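Tertiary structure, described
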Amino acid sequence: MTSDMLSRDEMRRAIAALSEAELLKLERVANWLSSGRSLSADDLLQEAICRALEGVRNCPIDVPILAFLVNVMKSLVSARHKASMVDPIELAAPVSTLSDDGDERDALADVEDRASSPEQLLVEEDSASKMKAAFHRLFEDDAVAELVLLDIFAGLTAEETRADLNLDETTYATIRRRIRRRINQRYPEGWKS
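These lines cover the structure that appears in this document, whether it is placed above or below. Bear in mind the structure is a predicted one, so any value in this text is a computation, not a measurement. (Residues numbered from 1 in each chain as written. Predicted model: local features only at pLDDT ≥ 70, side-chain atom pairs only at ≥ 80, totals over all residues. Heavy atoms only, no water.)

Description of the pattern of salt bridges
For the record, the criterion: By definition, a salt bridge exists where a carboxyl oxygen of Asp or Glu is found within 4 Å of a side-chain nitrogen of Lys or Arg. Secondary structure elements are defined from DSSP: runs of H or I of at least 4 residues count as helices, runs of E of at least 2 residues count as strands, and each element is numbered from the N terminus. Any residue under 20% of the maximum accessible area for its type is buried, any over 50% is exposed, and the rest in between are partly exposed; the area is computed with a 1.4 Å probe on protein chains only.
One pass over the full model with this rule turns up six salt bridges. Taking the shortest distance from any N to any O, the salt bridge between aspartate 9 and arginine 12 comes out at 3.0 Å. Of the two residues, aspartate 9 and arginine 12 are both situated in helix α1 (residues 8–16); the distance of three residues between them amounts to about one turn of the helix. A relative accessible area of 43% means that aspartate 9 is categorised as partly exposed. For the salt bridge of arginine 28 with aspartate 151, the shortest nitrogen-to-oxygen distance reads 3.2 Å.

Here it is, written out as C-alpha cells:
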C-alpha cells in the first residue's frame, strides 16, 4: 500500500466516524444499486465495507470516504453482473435422444424458450440504468425528492418511504407532485431511452 492511500486503521476510523445521515445515504445508494438484482442492499453495503476494512480495496487520501464506498459498491455490482454472464460456448453439450426411426435428435428442440434473451435483458437493464441516472441528475438540487426517488427505485411502497424518510402524507404527496412535474417538464413525451 502506498502512502497516498488510507491505512487500515485510518479506514477503520473513517468508517466508524460516518454520521447517521451518511450511513443512510449509503443504504439508499445500496438499495438503488441492488434494485432488480439478486444481491440484497444489505449484502452489497456490507461487502463494500468489509473489502475496505480488509484492505482489499484502498481509498486514496484525497477521496471522501462516502464517495469511495459508493464506488466500491458500483464496482461490486458491475463485477457481479459480468460474472453472471453465461458464455454459450461453455455450456454443456446438448442433450440428445434417439427418435423412433433411430435418428439422433435434440431432446430440447421442441421446448419453447419464454425467457428474455440475454440481449433483451441487457437492453432493459441499460435503459433502466440510463433512466435512473437521468432522474438522479434531474434532482441533484433537491435532496429530499432524490431520496424519495431512490426509495421508489428500490421498490418501497409509499408507506415505507414515508416511514423511512419520516414524512407525513401531505409532505410526501407534495414531493411526489414536484417529482412528477419536473419529470413531465423535462420529458413531455415520456421517458425514451
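There's more to say after this.
Brief notes about the packing of α1 against helix α3 (residues 41–54)
Angle between the axes and distance between the axes are the two parameters that describe a pair of packed helices. This is how the line gets drawn: A fitted line through C-alpha atoms represents every axis, and for helices the fit uses only the stretch in contact; the resulting angles, taken between N-to-C directions, go from 0 to 180 degrees. Contacts are assigned to residue pairs that have any heavy atoms within 4.5 Å of one another. Note that Gly is not counted as nonpolar here; it falls among the polar residues with everything else outside the nonpolar set of Ala, Val, Leu, Ile, Met, Phe, Trp, Tyr, Cys and Pro and the charged set of Asp, Glu, Lys and Arg.
For the pair α1 and α3, interaxial distance at closest approach is 8 Å and the crossing angle is 145°. From α1, Arg8, Met11, Arg12 and Ile15 reach across to α3, where they touch Ile49, Ala52, Leu53 and Glu54. Looking at the contact of α1 with α3 residue by residue, the class counts come to five nonpolar, no polar and three charged.

A short note on unusual backbone geometry
Positive phi, close to 60°, is recorded for asparagine 166, a residue that is not glycine. Assignment of secondary structure puts asparagine 166 in the loop between α7 (158–165) and α8 (169–186).

Concerning the environment of leucine 26
For leucine 26, the location among the structural elements is in helix α2 (residues 20–34). The class for leucine 26 is buried, based on a relative accessible area of 0%. When the C-alpha atoms of leucine 26 and methionine 73 are compared, they prove to be 9.3 Å apart, with 47 residues separating the residues in sequence. Discounting chain neighbours no more than four positions away, the residues touching leucine 26 are Leu18, Leu45, Leu66, Leu69, Val70 and Met73.

A look at the packing of aromatic side chains
The criterion, for reference: Side-chain rings of Phe, Tyr and Trp (the six-membered ring for Trp) are treated as a pair once their centres are within 6.5 Å; stacked means planes under 30 degrees apart, edge-to-face means over 60, and tilted covers the remaining angles. A ring is considered to have a charge above it if a Lys NZ or an Arg CZ atom is located within 6 Å of its centre and within 35 degrees of its normal.
Under the criterion given, the structure shown has zero aromatic pairs. Its guanidinium or amino end placed over the ring of tyrosine 172, arginine 162 lies 5.8 Å from that ring's centre, counting from NZ or CZ.

A few points about the packing of helix α6 (residues 143–153) against α8
Put simply, the rule is: By the definition adopted for this analysis, an angle is roughly parallel if under 35 degrees, roughly antiparallel if over 145, roughly perpendicular if from 65 to 115, and oblique otherwise.
In the contact formed by α6 and α8, the axes pass within 10 Å of each other and the chain directions differ by 90°. When the axis of α6 is compared with that of α8, the two are roughly perpendicular. Along its contact with α6, which presents Val144, Ala145, Val148, Leu149 and Ile152, the element α8 presents Tyr172, Ile175, Arg176, Arg178 and Ile179. The residue makeup of the contact of α6 with α8, split by class, is eight nonpolar, no polar and two charged.

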